[in-house]
Amino acid sequence: MAGNETAGGAAALPATAREPGASRAAAATPPARVPAHVAVIMDGNGRWATGRGWPRLVGHRRGAERVKEVVTAAPDLGIRWLTLYAFSTENWKRSVEEVIGLMRLFSRYIEREADRLSEEGVRMRFIGDRGPLESRLRRLMDGIEARTAGNTRLNLTVAINYGGRDEILRAAQALVAAAASGEIAPGAADEAAFAARLDTAGLPDPDLVIRTSGETRISNFLLWQSAYAEYEFTPTLWPDFTPAELAAIVARYGQRERRFGAVAV
Ligand code: FPP
């Protein structure tokens, strides 16, 4: 993947200034055909960096810059919910250096972006098991969730220490506990009661799941919620992913026919 940035170099211009194609493609997609909820598996940071002879963390830093651009561009494209997979329950298997570097990056992102996210009308939430995270990061997460709770322009959800199986297990345990305590009748344990105990309670299911870096797997992401999602796999490594490519993917999604198991009429 070609790129001409220097290590750790951030894009200085707003996305729309660099990529007028993004807003043109957005304008071309009728609102009813825009995916309301887009979820992204941001993959390829490590390869982006090591391919240039740089440490993997440089790729993550560059990836965080892309997060900022995509968060700014998404509402202009008509996207209302954006969910980003930042750290999985399996990512603890990485080197201590990389794990600590990623956790610092998440804290820094929250600290540095808080004002901008608020000004841009972004409501920020987190999914995943917060228990194993450092208390400082947890406090930052709680703080920005509270601070942005009234915003409605874009619902940004970041998955940290998130695994679909882990989330489903925790929801199942909560449902069993609710039935055991008499809070709900066992017969009332239906889809809605289950979904209400997932980390994503209150969020709509994703319409479109994008994975970057050419890998074609879902890696434990939103397993319950993606039952009827459309998928897009792009070879672009996440640090090279642009608002213009997001706009092109949104436009392609607009051509798809979603049947949800029914027959086209
Ligand atoms: C996967 O690429 C990416 C991650 C595990 C980390 C994602 C983090 C960011 C994009 C940066 C910060 C995010 C936020 C929300 C501020 P990989 O490292 O597995 O890449 P590889 O497959 O090439 O090794």
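These lines cover the structure that appears in this document, whether it is placed above or below.

The rules behind these values
- Residues numbered from 1 in each chain as written.
- Predicted model: local features only at pLDDT ≥ 70, side-chain atom pairs only at ≥ 80, totals over all residues.
- Heavy atoms only, no water.
- Near = heavy atom within 4 Å.
- Polar contact = N/O pair within 3.5 Å; in protein donor to acceptor, adjacent residues only side chain to side chain.
- Areas by Shrake-Rupley, 256 points an atom, 1.4 Å probe, with all protein chains shown as cover.
- Helix = DSSP H or I, 4+ residues; strand = E, 2+ residues; numbered from the N terminus.
- Nonpolar A, V, L, I, M, F, W, Y, C, P; charged D, E, K, R; others polar.
- Patch = residues over 30% accessible without salt bridge, like charges linked within 9 Å, V, L, I, M, F, W, Y side chains within 5 Å.
- Salt bridge = Lys/Arg side-chain N within 4 Å of Asp/Glu carboxyl O.
- Lys, Arg positive; Asp, Glu negative; His and termini not counted.
- Charge placed at Lys NZ, Arg CZ, Asp CG, Glu CD.
- Buried < 20%, exposed > 50% of the residue type's maximum accessible area, 1.4 Å probe, protein only.
- Pairing = 2+ DSSP bridges.
- Core = buried A, V, L, I, M, F, W, Y, C linked by side-chain atoms within 4.5 Å.
- Contact = heavy atoms within 4.5 Å.
- Expected span 1.5 Å × (residues − 1).
- Arc of directions from axis to C-beta.

Comments concerning the site of the ligand
Inference 1: Near the ligand there are 18 residues, and of these D43, G46, R47, R56 and R94 occur at the shortest range.
Inference 2: One of the backbone N or O atoms of G46 is found 3.1 Å from an oxygen atom in the ligand.
Inference 3: Here R47 contributes a backbone N or O atom positioned 2.7 Å from an oxygen atom of the ligand.
Inference 4: Notes on the ligand: free accessible area 620 Å², of which the protein chains cover 92%.
Inference 5: Here the shell around the ligand gets four residues from one element, more than from any other, and that element is helix α5 (residues 96-119).
Inference 6: Residue composition of the shell around the ligand, by class: nine nonpolar, five polar and four charged.

Here we look at a positive patch on the surface
Inference 1: A cluster of basic residues, R61, R104, R108 and R112, forms a positive patch at the surface.
Inference 2: Tracing the backbone shows R108 in helix α5.

So, the pairing of strand β4 (residues 154-162)
Inference 1: Across the nine residues of β4, nine count as buried, placing the element largely inside the fold.
Inference 2: Here seven bridges tie strand β2 (residues 81-88) to β4, and the two strands are oriented parallel to one another. Counted as the bridge partner of T83 is T157 from β4.
Inference 3: As paired strands, strand β3 (residues 122-127) and β4 are joined by six bridges and run parallel to one another. Among the inter-strand pairings, F126 is bridged to a residue of β4, identified as V158.

Concerning the nonpolar core
Inference 1: In terms of nonpolar packing, the biggest core is built from 43 residues, with V71, I79, L82 and L156 touching the most fellow members.
Inference 2: Beyond its immediate chain neighbours, meaning those up to four positions away, V71 contacts L82, Y109, L117, V122, L154 and L156.
Inference 3: Residues A39, V209, F221 and L222 belong to the second largest nonpolar core, which totals 10 residues.

Thoughts on helix α7 (residues 164-180)
Inference 1: Between the first and last C-alpha of α7 there are 24 Å, a value that for 17 residues agrees with the 24 Å anticipated at 1.5 Å per step.
Inference 2: Residues of α7 that are buried include every one of G164, E167, A171, L175 and A178, and no others. All buried residues of α7 lie within an arc of 70° about the axis, which places them on one face of the element. Exposed side of α7, more than 90 degrees from the buried face: R165, L169, Q173, V176 and A180 are the residues found there.

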